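Take a look at the letters that make up each chain.
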Amino acid sequence: MAELGKKIATRQSYGEVLQELSEKYDNLIVLDADLAGSTKSGMIKKVHPEMHIDCGIAEANMTVIAAGLSTCGMIPVISTFAMFGAGRSYEQVRNSIGYPHLNVKICCTHAGITVGQDGASHQCLEDLALMREIPGMVVMNPADDSEAKAAIRAAVAYEGPVYIRLGRAAVPVVFPEDMDFEIGKGVVLREGTDVTIAATGVCVDSALKAADKLAEEGISAEVINICTIKPLDTQLLLKSVGKTRKIVTVEEHFVTGGLGSAVAECLAENDPVKMLRIGVKDTFGQSGTADELMKFYGLDADSVAASVKAYLA
Amino acid sequence: MENKELKKIANDVRKGIVTAVHAGASGHPGGSLSAADIATYLYFEEMNIDPKDPKKEDRDRFVMSKGHASPCLYSVMAHRGYFPVEELTTFRKFGSRLQGHPCMQELPGIDMSTGSLGQGVSAACGMALAGKLKCRDENHQFTENAAFRVYTILGDGELEEGQVWEAAMFAGAKHLDNLTLFVDNNGLQIDGKIEDVNSPYPIPEKFAAFGFHVIEIDGHDFDQIRAAVQEAKTVKGMPTAIIAKTTKGKGVSFMENQAGWHGEAPNDEQYAVAMADLEKIGEEI
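Analysis parameters
- Residues numbered from 1 in each chain as written.
- Chains lettered and ligands numbered in written order.
- Predicted model: local features only at pLDDT ≥ 70, side-chain atom pairs only at ≥ 80, totals over all residues.
- Heavy atoms only, no water.
- Core = buried A, V, L, I, M, F, W, Y, C linked by side-chain atoms within 4.5 Å.
- Buried < 20%, exposed > 50% of the residue type's maximum accessible area, 1.4 Å probe, protein only.
- Helix = DSSP H or I, 4+ residues; strand = E, 2+ residues; numbered from the N terminus.
- Contact = heavy atoms within 4.5 Å.
- Salt bridge = Lys/Arg side-chain N within 4 Å of Asp/Glu carboxyl O.
- Pairing = 2+ DSSP bridges.
- Axes fitted to C-alpha atoms, helices over the stretch in contact; angles between N-to-C directions.
- Buried area = accessible area lost by both parts, 1.4 Å probe.
- Polar contact = N/O pair within 3.5 Å; in protein donor to acceptor, adjacent residues only side chain to side chain.
- Disulfide = S-S within 2.5 Å.

Engineer: Where do I start with the nonpolar core in this structure?
Structural biologist: Buried together is how nonpolar side chains tend to be arranged in soluble globular proteins. Within the largest apolar cluster, 134 residues are counted, with the highest numbers of intra-cluster contacts made by Y163 of chain A together with Y43 and F207 of chain B. Element by element, the count of residues in this core is highest for helix 5 (residues 119–133) of chain B, at nine residues. For F207 of chain B, the contacting residues outside a window of four places in its chain are L159, W165, A168, L181, V183, F212, V214, A241 and I243 of chain B.

Engineer: Honestly, the pattern of salt bridges in this entry has me stumped. Any pointers?
Structural biologist: As a working rule, side chains carrying opposite charge can pair if their charged atoms are close by. Residues and elements named next belong to chain A. In this structure the tally under the stated criterion is 24 salt bridges over all chains. With a shortest N-O distance of 3.1 Å, E265 and R132 are connected by a salt bridge. Here the residue E265 occupies a position in helix 11 (residues 259–270), and R132 occupies one in helix 7 (residues 127–132), the gap between them amounting to 133 residues. Since its relative accessible area comes to 13%, R132 is described here as buried. With a closest N to O distance of 2.6 Å, R190 and D212 form a salt bridge. Of this pair, R190 sits in strand 9 (residues 187–190) while D212 sits in helix 9 (residues 203–216), and the two are 22 residues apart along the sequence. With relative accessibility at 40%, the residue D212 sits in the partly exposed group. Within this structure, E16, D145 and K149 form a network of salt bridges that share partners.

Engineer: Would you take a moment to explain the sheet that holds strand 10 (residues 195–199) of chain A for this structure?
Structural biologist: By way of backbone hydrogen bonds, the strands of a sheet pair with one another, either parallel or antiparallel. All names here are of chain A. Across the sheet, which stays open at both edges, the five strands sit in the order 9-11-10-13-14 with mixed pairing between neighbours. Looking at strand neighbours, the two that pair on one side only are strand 9 and strand 14 (275–280), the edges of this open sheet. Along the sheet, successive strands turn relative to each other by an average axial angle of 25 degrees, direction set aside. Direction of pairing for strand 10 relative to strand 11 (residues 221–225): parallel, over a ladder of five bridges. Across the sheet, the residue bridging to A199 is N225, located in strand 11.

Engineer: What is the right way to look at the interface of chain A and chain B in this model?
Structural biologist: Reports often express the size of an interface as the amount of accessible area lost when the parts come together. Taken together, the contact between chain A and chain B spans 25 residues of the former and 27 residues of the latter. Of the roughly 2,100 Å² buried between chain A and chain B, counting both surfaces, carbon and sulfur atoms make up 62%. On inspection of chain A and its partner chain B, the count reaches zero salt bridges. Seen at the junction of chain A and chain B, the total is 10 residue pairs in polar contact (both at pLDDT 80 or more). Take the side of chain A that touches chain B: its biggest share by element is nine residues, from helix 4 (residues 59–71) of chain A.

Engineer: Help me out: how do you make sense of the state of the cysteines in this one?
Structural biologist: Simply put, disulfide is the name for a covalent bond between the sulfur atoms of two cysteines. Evaluation of the coordinates by the stated rule reveals zero disulfides over all chains. A disulfide-free cysteine, C103 of chain B has its sulfur positioned 17 Å from the sulfur of C72 of chain A, the nearest such atom. Free of any disulfide, C135 of chain B has its nearest neighbouring cysteine sulfur in C72 of chain A, separated by 12 Å.

Honestly, that's just the spatial picture; any functional story needs more than this.
Here you go:
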């Protein structure tokens, strides 16, 4: 039972919800590439060892094994780090899952800079961009324990390819456990009138805390949580921007290709406003603790608040 | 089925290949013609399939891992009754179900979309695993049975893709004895002889090292194809690799053993010669 504010890594949520789903779906099959402990997907082995297959350190093969399994009525869930699931196996995902629109769930942990000490080689900051480009792919980036579980439940119930981005670092619980969740729907977490802050994943917590700080200075920020990057909840964004005429996106991803780009495309076509994209600029990550890196790359609450203030000035 | 009958069908499949590539003015005749006898044997004698019920749950699966041999797959499927043979002339044309490389969303009966080399064999392993998963005992342990068998044809040039060996390691390690993998060893790839480009030889030893039961055959001899496939079905605990020596462009005089016919379509004049070649072979059968 996750209380609000308690810190839980979404990879932990992933392991727990797989245990739950293993009781409901007898055709569920979890695939790992020698990272069952790190991704937490190995937790399914405690309740249903027969639902877990370790493919070894061969992500390209694992990706297409999943494709083959799905053609035979299984619901395969691929587990690995985002760098390998979305990066190394990109072309396998595109041609063998995306193109035939197969019912495979790609659940990638250790996304973004909060991987921490492993450094740049493991800090995937382009997975949302890569997955967003694949026709028919649903792309989700849950913010916390509750949303990660809800998103994975929804993904398994949904027929078709889904990419879900999960993290290594423990992040505060933002949503109640029994939250409503619908693929493709954003949520207004806090109403405001001066600026819209659209955040995704671990940055939702930063955005909410930044909004608190801004409020102390008389700035009323509307905070929107965007879990589903694709399909994007354009209606909700346009409604909010229609009111505030200002929008800032916040993500633990390159500023290109992810939420910031998706929102920019939507606004440029429908209701152009000058926007600010907060994320990692054109640079690789580095080793450090998750907190140090969030601060260095301007993604912690203080940095987000300062950036929003500068943008509004 | 009598070998004579299989030979006749394979010859018709070859005519369909040449017709499709000529009509589409694009495609890969060489490696389609080399794989035609193996595909004909599988679709007409071996596999548990029903063209009228292409999604039949317990059907044997086929993956053309060398997806550019789509003319071979389409022609054998058309002759088997999945769709009208006349439709082969729509190959690679706008709006056709016969996409450049096999597309399972477009054409019922295709078990996996392929085209990017090295991936089809992984998909075949996934299917074989599913076939095993569906037949486990009460303790969830794999039994000697599988719900269906899975066949896949790889090109010999395709063996240069690293993913083939990831898949081979998986198939061996997971004891996928319901998987039968053919290597269409015609010896040529686009850039020339496979041993000159980046040699995958020795092929049998490599598959044996990955835990495969290996059989070497002449890929144009139906007795040998049949014997190898039947032998594979008796092997327990390991997948089978059938290394089939074949002739690229088999059956068309000017295409045989010519790397240049890997991905070239015949013009009208060449088409007439090719069809006359095949007509003559048909009469001799």
